[in-house]
Amino acid sequence: EAGAEASPGSHHPERSGAVRSYAPTRHRHTAEVEQALEALGAPLRVHLSVTAIELVRGVLATTHAFVTPGVTERDLFGAYREACACEPFLRFVSERKGLYRRPEPKILAGCNVAEVGFDFDSESGRVVALCAIDNLMKGAAGTAVQCLNVMMGFDEGAGLGFPGLHPI
């Protein structure tokens, strides 16, 4: 997730051990996120900050948005659960305790699932929305198979049921 083209910064010797903030503001996918939220009837301005790390497969997107005064954490839980209920490859993660209490790219390696979750600061109305994927499976290859399945009238999940390389 460090760009579509090879560059000196995308090679292993330069990425090894690095934590590089490459798009702290104005990330190129911000407009797409806002467009998707608008299509869902939830127009919000969002703020993406992207950091590249030494990770062969996987992405963790962190997005900040401010909700309308009066929106509660319970409202957000309901919205997330409703959105995930009808999507076979979208999993809502929200645990109070444990190692995997928020979306985690490591446990998604090899599967076509996107994990989503959030944290909410009720004082400021800020939602920190998280999404983790395996950027090969959910990002490209798995999405292509899923789209093919839908186009051909097959079961949407055909060939995509692998639980991942790091099951919990």
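The coordinates are above.
Residues numbered from 1 in each chain as written. Predicted model: local features only at pLDDT ≥ 70, side-chain atom pairs only at ≥ 80, totals over all residues. Heavy atoms only, no water.

(A) The arrangement of the nonpolar core in detail. Counting residues in hydrophobic clusters, the biggest one holds ten residues: Val67, Leu76, Phe77, Tyr80, Cys84, Phe92, Val116, Phe118, Phe120 and Val127. Secondary structure elements with two or more residues in this core: α3 (73-85) and β6 (114-121). The element that contributes the greatest number of residues to this core is α3, accounting for four residues. Residues within four places of valine 67 in sequence aside, it is in contact with Leu44, Leu76, Phe120, Gly125 and Val127. Counting residues in each nonpolar core, the second largest holds five residues, with Ile107, Leu108, Val113 and Ala132 among its members. (Core = buried A, V, L, I, M, F, W, Y, C linked by side-chain atoms within 4.5 Å. Buried < 20%, exposed > 50% of the residue type's maximum accessible area, 1.4 Å probe, protein only. Helix = DSSP H or I, 4+ residues; strand = E, 2+ residues; numbered from the N terminus. Contact = heavy atoms within 4.5 Å.)

(B) Looking closely at the pairing of strand β4 (residues 59-66). Pairing of strand β2 (residues 46-48) with β4, which is carried by three bridges, proceeds in the antiparallel orientation. Following the sheet pairing, valine 46 is matched in β4 by alanine 65. When β4 meets strand β7 (residues 126-133), the two strands line up antiparallel, connected through eight bridges. Bridge pairing in β7 links alanine 61 to cysteine 131. (Pairing = 2+ DSSP bridges.)

(C) Geometry of the pattern of salt bridges. Taken as a whole and assessed by the stated rule, the structure comprises three salt bridges. Between glutamate 34 and arginine 45 there is a salt bridge, and its shortest N-O distance comes to 2.7 Å. With glutamate 34 in helix α2 (residues 30-39) and arginine 45 in the loop between α2 and β2, this residue pair connects regions lying eleven residues apart in the sequence. With relative accessibility at 16%, the residue glutamate 34 sits in the buried group. Looking at arginine 45, the relative accessible area reads 57%, which means it is exposed. (Salt bridge = Lys/Arg side-chain N within 4 Å of Asp/Glu carboxyl O.)

(D) Up close: the sheet that holds β2. Strand order across the open sheet formed by five strands is β2-β4-β7-β6-β5, with mixed pairing between neighbours. Single-partner strands in this sheet number two, and they are β2 and β5 (90-92). In this sheet, adjacent strand axes meet at a mean angle of 25 degrees when their direction is disregarded. Here β6 runs beside β7; their pairing, made up of seven bridges, is antiparallel. Its bridge partner lying in β7, valine 116 is registered against cysteine 131. Each of β5, β6 and β7 touches α3; the most contacted strand, β6, lies at about 170 degrees to it. (Axes fitted to C-alpha atoms, helices over the stretch in contact; angles between N-to-C directions.)

(E) Inspection of a nonpolar patch on the surface at higher detail. Among the surface-exposed residues, Leu148, Met151, Met152 and Phe154 lie close enough to one another that they form a single nonpolar patch of about 460 Å² accessible area. Relative to the assigned elements, phenylalanine 154 resides in the segment after α4 (137-152). Classification of phenylalanine 154 by relative accessible area gives partly exposed; the value is 47%. (Patch = residues over 30% accessible without salt bridge, like charges linked within 9 Å, V, L, I, M, F, W, Y side chains within 5 Å. Areas by Shrake-Rupley, 256 points an atom, 1.4 Å probe, with all protein chains shown as cover.)

(F) The arrangement of the environment of serine 21 in detail. Within the secondary structure, serine 21 sits in strand β1 (residues 19-23). Through-space distance from the C-alpha of serine 21 to that of valine 50 is 6.1 Å; in sequence the pair is 29 residues apart. Beyond its immediate stretch of four places on either side in the chain, serine 21 contacts Val50 and Thr51.

(G) How the structure looks around the packing of aromatic side chains. In this structure the tally under the stated criterion is five aromatic pairs. For the ring pair phenylalanine 77 and phenylalanine 118, a centre distance of 5.1 Å and an interplane angle of 65 degrees mean the geometry is edge-to-face. One end of the pair, phenylalanine 77, is in helix α3; the other, phenylalanine 118, is in strand β6, and 41 residues separate them in sequence. In this structure, phenylalanine 77 and phenylalanine 118 share a single accessibility class: buried. One aromatic cluster in this structure is built from Phe77, Tyr80, Phe92 and Phe118. (Phe/Tyr/Trp six-rings, centres within 6.5 Å; stacked < 30°, edge-to-face > 60°.)

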